[in-house]
Amino acid sequence: MLPDRLLSTTTNNKGTKKSKDRITIVLCANADGSDKFKPLVIGKSAKPRCFKNFNINLYVDYEANKKAWMNGDLFARYLENMNTQMKRQKRHILLLMDNAPSHIIPKKLSNIRINFLPPTTTSHLQPLDAGIIQAFKGQYIKMQLQRLVQCIDDNKTGKEFQLPLCDGIRFVKQTWDIVSATTIKNCWIHAGIIPREPHDKLRWTAHELTPLRDLVGDVTHRLAIEKELRMGVDEFLNVDKETETFANLTDDQIVQSVRKPDEKCVDQEDDSDPEPEEVPSAACARDAIKTVLRFIEVCSQLSDIIIKYLLLAGCVFGVIQRMSSMGYQLKLAIGI
């Protein structure tokens with residue numbers, strides 16, 4: 001989405017066009033930020049075309065339904081998977097959450113205890129709402145706009161500006177990796193759930209928005225968006241504030257959802273998605289590593305640790321290639 005008021009996720013503004021492109025992202029982290037759970041992304045299509053040559057499990061967990069929002073069935077499955085993970089790690093955790101209608105708790109959770117926040121206190125007591133989501137969105141939008149600037153520099157037009165879902169999911173993982181343990185801990189402190197220690201730094205501050213503010217200004221200028229239609233950083237960050245992320249169910253509908261789980265969306269490709277990315281050959285992958293290495297070698301200001309990582313990547317690639325030629329399969333767990 002562009003920082004342009006002509007495009008909107010709501011229909012409150014007369015003359016605006018409501019954006020239909022959306023995903024819902026579920027984030028969860030512990031109080032000191034040392035354990036960030038793998039993001040859950042909820043889309044509209046079970047098998048988007050761009051997923052054909054894309055291993056989504058390297059980045060996020062993925063679910064889909066027609067509205068791309070959280071419902072009782074998905075949430076119960078999310079908690080059951082988390083409980084299985086905690087059992088495997090021999091851990092017992094306390095999970096704090098708001099009382100959204102979609103938060104239907106399974107009966108048997110052996111390693112998770114659920115505590116609901118009091119009604120209407122989410123914005124005050126929920127650590128994710130105290131700055132974690134804001135930090136995540138700031139980094140995500142930064143990546144999105146940097147890609148847009150690159151598209152402009154490459155003279156791309158029309159649909160080439162659209163962010164493919166697979167790239168958006170890569171951004172989700174990269175962004176969640178960037179959100180620091182310090183930011184997460186300070187948001188828990190700000191919510192008043194854990195005490196502040198003397199050495200704790202201040203949480204997310206306004207000056208951290210400066211690079212994003214400059215980037216938004218650059219994009220609106222390059223795209224020649226009319227002045228009265230340009231969005232500021234705060235408005236752009238909160239453009240999805242009124243977007244529904246779960247169904248507001250009646251009591252009867254909640255009972256029905258427990259008796260009969262919600263149907264998944266049809267397993268079909270989304271024709272509006274771009275074609276899947278081509279699978280690079282082993283030779284192309286090897287040459288790409290060499291090309292990046294040569295580029296970094298002439299950039300004297302870059303740290304030698306980057307070169308070490310690239311050399312390691314080349315070694316790992318060689319091992320994978322040899323094992324594949326011998327009929328083995330090697331599964332790499334990246335960033336988990």
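Residues numbered from 1 in each chain as written. Predicted model: local features only at pLDDT ≥ 70, side-chain atom pairs only at ≥ 80, totals over all residues. Heavy atoms only, no water.

A. Structural detail: the overall build of the protein chain. For the protein chain, the count of helices and strands is 10 helices and 7 strands. Restricting to contacts in the protein chain with at least 6 residues of sequence separation, those with at least 24 account for 63%. Accessible surface, the protein chain as shown: approximately 21200 Å² in total, 53% of it carbon and sulfur. (Helix = DSSP H or I, 4+ residues; strand = E, 2+ residues; numbered from the N terminus. Contact = heavy atoms within 4.5 Å. Areas by Shrake-Rupley, 256 points an atom, 1.4 Å probe, with all protein chains shown as cover.)

B. The packing of helix α3 (residues 132–153) against helix α4 (residues 165–178), seen in detail. Two elements in contact, α3 and α4, have axes separated by 9 Å at closest approach and are oriented at 135°. Between α3 and α4, the angle falls in the class oblique. The interaxial crossing formed by α3 with α4 has right-handed handedness. In this structure, α3 contributes I132, F136, Q139, Y140, M143, Q144 and R147 to the contact, and α4 contributes D167, G168, F171, V172, Q174, T175, W176 and I178. A class-by-class count of the residues in the contact of α3 with α4 yields 8 nonpolar, 5 polar and 2 charged. (Axes fitted to C-alpha atoms, helices over the stretch in contact; angles between N-to-C directions. Parallel < 35°, antiparallel > 145°, perpendicular 65-115°, else oblique. Left-handed = near helix turned anticlockwise from the far one by under 90°. Nonpolar A, V, L, I, M, F, W, Y, C, P; charged D, E, K, R; others polar.)

C. Spotlight on the environment of L223. Note that L223 resides in the loop between α6 (210–222) and α7 (233–237). Measuring from C-alpha to C-alpha, the distance between L223 and V149 comes to 9.6 Å, with 74 residues separating the pair along the chain.

D. Representation of the pattern of salt bridges. Tallied over the entire structure, the rule returns 6 salt bridges. A salt bridge links D35 to R91, with the shortest nitrogen-to-oxygen separation between them at 2.9 Å. With D35 in the loop between β3 (24–26) and β4 (40–43) and R91 in the loop between α1 (72–89) and β6 (93–97), the pair connects residues that are 56 residues apart, well separated along the chain. When its relative accessible area of 28% is taken as the criterion, R91 is described as partly exposed. (Salt bridge = Lys/Arg side-chain N within 4 Å of Asp/Glu carboxyl O. Buried < 20%, exposed > 50% of the residue type's maximum accessible area, 1.4 Å probe, protein only.)

E. Just the nonpolar core, in detail. By size, the foremost hydrophobic cluster in this structure holds 26 residues, and its most contacted members are F51, I56, Y62, I132, I169, W176 and I184. For this core, the secondary-structure elements that each account for two or more residues are β5 (61–64), α3, α4 and α5 (181–190). For this core, the element with the highest residue contribution is α4, accounting for 6 residues. With residues up to four places along the chain from it excluded, the contact list for I132 reads P127, W176, I184, C187 and W188. Formed by 18 residues, the second largest nonpolar core is a distinct cluster that contains F37, L79, M82 and M86. (Core = buried A, V, L, I, M, F, W, Y, C linked by side-chain atoms within 4.5 Å.)

F. Just the pairing of β4, in detail. Side chains L40 and I42 project from β4 onto one buried face, and the interleaved V41 and G43 project onto a second face that is buried too. Of the pairings in the sheet, the one linking β4 to β5 comprises 4 bridges and is parallel in character. Bridge pairing links G43 to A64 in β5. (Pairing = 2+ DSSP bridges.)

G. Spatial organisation of the packing of aromatic side chains. In the structure shown here, the tally under the stated rule is 7 aromatic pairs. Ring centres 5.1 Å apart and planes at 75° place the aromatic pair F51 and Y62 in the edge-to-face group. Of this pair, F51 sits in the loop between β4 and β5 while Y62 is found in strand β5, placing the two residues 11 residues apart along the sequence. For the pair F136 and W176, a centre-to-centre distance of 6.2 Å together with 70° between the ring planes defines the contact as edge-to-face. You can see F136 sitting in helix α3 and its partner W176 sitting in helix α4, a full 40 residues away along the chain. Pair check on accessibility: F136 and W176 agree, each one buried. Ring pairing ties together the aromatic residues F51, F54, Y59 and Y62, which thus form one cluster. The ring centre of W176 lies 5.4 Å from the NZ or CZ of K36, which sits over that ring. (Phe/Tyr/Trp six-rings, centres within 6.5 Å; stacked < 30°, edge-to-face > 60°. Lys NZ or Arg CZ within 6 Å of the ring centre and 35° of its normal.)

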